[in-house]
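This is what each chain is made of:
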Amino acid sequence: MEWYEAVILGLVQGLTEFLPVSSSGHITIFKELFGIDTGNLSFEVAVHAATVLSTVVALRKEIWELLSGFFKFRYNAQTQYVCKILVSMIPVAVVGFFFKDFVEDVFGAGLTVVGSMLLLTSLLLLLGEWLSNRQARKSAGTGVEAGREVSYRDAAIIGLAQAFAVMPGLSRSGTTIATGLMLGVRKSAVAKFSFLMVLIPILGETFLSLVGGDFSAGASGISSLSLCLGALTAFVSGYAACRWMLALVQKAKLFYFAIYCAVAGLLSIILTIW
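Residues numbered from 1 in each chain as written. Predicted model: local features only at pLDDT ≥ 70, side-chain atom pairs only at ≥ 80, totals over all residues. Heavy atoms only, no water.

K.L.:
Looking at this structure, I do not really get the packing of aromatic side chains. What am I missing?
P.N.:
Pairs of aromatic rings are described using the distance from one ring centre to the other and the angle between the two planes. Counted by the stated rule, this structure contains 8 aromatic pairs. Here the aromatic rings of phenylalanine 71 and phenylalanine 73 are separated by 5.9 Å at their centres, their planes lie at 80°, and the arrangement is edge-to-face. Each member of the pair, phenylalanine 71 together with phenylalanine 73, is exposed. Among the aromatic side chains, those forming a connected cluster through ring pairs are Phe70, Phe71 and Phe73. Sitting over the ring of tyrosine 81, lysine 192 keeps its end group 5.4 Å from the ring centre. (Phe/Tyr/Trp six-rings, centres within 6.5 Å; stacked < 30°, edge-to-face > 60°. Buried < 20%, exposed > 50% of the residue type's maximum accessible area, 1.4 Å probe, protein only. Lys NZ or Arg CZ within 6 Å of the ring centre and 35° of its normal.)

Next up, the structure:
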């Protein structure tokens, strides 16, 4: 992999990680179209970790508030929120520990799978926005944002949705946000929860890769320069996308992303046929 290819993939990863259009799907599409070989999963893990760090920076105030309340060792609002995040991690932890080989095979899937999952992402976004808008119309005139906070039940279901979102083309943020909206969670609440719940799983995956020794540039066939440039680009673009998406979800303008995913999915399938 050349350094400029790493920069392109890092930019794609960062911009699409928080937008509901599937970062893994777009990485697969760009790799297929331009013949880019990233070796094993080291590059993907590196850019994912970089976008998680961008989330930490973008949501640093919220994270500090949660940690400050949690380490008071009392069952307060912050402790309850952290517990909900832990509940949401259970499904993805099961997938990571027991189906790791299957997940790696899926990440190597071609454009047919990516296209199909992008179409499913489009459907989920449309359904989530439709239900959210219907709920908003019912509460119009009350002066109160429609929906509720994330419950433990919501956290478990959203976590299950995140576990299914390992499929390339099935957007993690799109799936979790749409699932939350379908459950009746407030738009602002589900967006923040969706971005915070991914922090520990991705950082844990990075740690396991480091411990396992398969994260080095040499093991992946990628130069240290390419790995660093890809991660840096993913961090900068991920920060911008995270801040934008938090503001965007509150307006529930997911329809345009649904159309984009549908078009990208159809084009991916057509390219495979041709």
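K.L.:
Would you mind going over helix α5 (residues 77-98) with me for this structure?
P.N.:
Taking 1.5 Å per residue as the helical rise, α5 with its 22 residues ought to reach 32 Å, and the 33 Å between its terminal C-alpha atoms agrees with that figure. At isoleucine 90, α5 is bent by approximately 35°, the largest bend along its length, and proline proline 91 sits one to four residues beyond. You can read the cap of α5 off the contacts: a side-chain oxygen lies 3.3 Å from the backbone nitrogen of glutamine 78, and it is on asparagine 76. (Helix = DSSP H or I, 4+ residues; strand = E, 2+ residues; numbered from the N terminus. Expected span 1.5 Å × (residues − 1). Bend = angle between axes of the 7 residues up to and from the residue. Polar contact = N/O pair within 3.5 Å; in protein donor to acceptor, adjacent residues only side chain to side chain.)

K.L.:
Looking at this structure, how should I read the environment of serine 68?
P.N.:
The residue serine 68 is located in helix α4 (residues 60-70) in this model. Using a relative accessible area of 29% as the deciding quantity, one classes serine 68 as partly exposed. With 10 residues separating them in the primary sequence, serine 68 and glutamine 78 have C-alpha atoms 8.1 Å apart.

K.L.:
Which parts of the structure should I look at to understand the nonpolar core?
P.N.:
Soluble globular proteins: nonpolar side chains tend toward being buried together. Ranked by size, the top nonpolar core spans 44 residues in total, and within it Ile177, Phe193, Phe195, Leu196 and Met245 carry the most contacts. With sequence-adjacent residues up to four places away left out, isoleucine 177 is seen in contact with Val190, Ala191, Ser194, Met245, Val249 and Leu254. Membership of the second largest hydrophobic core comes to 13 residues, among which are Ala6, Ala46, Ala231 and Ala234. (Core = buried A, V, L, I, M, F, W, Y, C linked by side-chain atoms within 4.5 Å. Contact = heavy atoms within 4.5 Å.)

K.L.:
I would appreciate a short explanation of helix α2 (residues 23-34) in the present structure.
P.N.:
If you check α2, its first and last C-alpha atoms are 16 Å apart, about what 12 residues at 1.5 Å a residue would give, namely 16 Å. Listed as buried for α2 are Ser23, Ser24, Gly25, His26, Ile27, Thr28, Ile29 and Lys31. Sitting at the amino-terminal end of α2 is serine 22, which places a side-chain oxygen 2.9 Å from the backbone nitrogen of glycine 25. Taken from the residues just after α2, glycine 35 is the one with a positive phi, measuring 65°.

K.L.:
Help me out: how do you make sense of the packing of helix α9 (residues 172-183) against helix α10 (residues 187-196) in this one?
P.N.:
A packed helix pair is summarised by two numbers, namely the angle formed by the two axes and the spacing between the axes. At a minimum axis separation of 9 Å, α9 and α10 run at an interaxial angle of 145°. By crossing handedness, the relation of α9 to α10 is classed as right-handed. Between α9 and α10, the residues in contact are Arg172, Ser173, Thr176, Ile177, Gly180 and Leu181 and Lys187, Val190, Ala191, Ser194 and Phe195, respectively. Taken together, the residues of the contact of α9 with α10 sort by class into 5 nonpolar, 4 polar and 2 charged. (Axes fitted to C-alpha atoms, helices over the stretch in contact; angles between N-to-C directions. Left-handed = near helix turned anticlockwise from the far one by under 90°. Nonpolar A, V, L, I, M, F, W, Y, C, P; charged D, E, K, R; others polar.)

K.L.:
Any chance you could explain a nonpolar patch on the surface here in plain terms?
P.N.:
On the surface, a nonpolar cluster with roughly 1100 Å² of combined accessible area is contributed by Leu126, Phe255, Tyr256, Ile259, Val263, Leu266, Leu267, Ile270, Ile273 and Trp274. A total of 8 residues in the nonpolar patch trace back to one element, the largest contributor, which is helix α14 (residues 255-273). (Patch = residues over 30% accessible without salt bridge, like charges linked within 9 Å, V, L, I, M, F, W, Y side chains within 5 Å. Areas by Shrake-Rupley, 256 points an atom, 1.4 Å probe, with all protein chains shown as cover. Salt bridge = Lys/Arg side-chain N within 4 Å of Asp/Glu carboxyl O.)

K.L.:
Hey, could you run me through the pattern of salt bridges in this one?
P.N.:
Close approach of charged atoms allows side chains of opposite charge to pair. Scanning all chains against the criterion turns up 4 salt bridges. As a salt-bridge pair, glutamate 149 and arginine 186 come within 2.7 Å of each other at their nearest N and O atoms. Here arginine 186 lies in the loop between α9 and α10 and glutamate 149 lies in the loop between α7 (111-138) and α8 (152-164), a separation of 37 residues in the sequence. Given a relative accessible area of 43%, glutamate 149 falls into the partly exposed group. Arginine 153 is the partner of aspartate 154 in a salt bridge, and the nearest nitrogen-oxygen pair spans 3.8 Å. Here aspartate 154 falls in the buried class, since its relative accessible area comes to 0%. Linked by salt bridges that have partners in common, Arg148, Arg153 and Asp154 make up one network.

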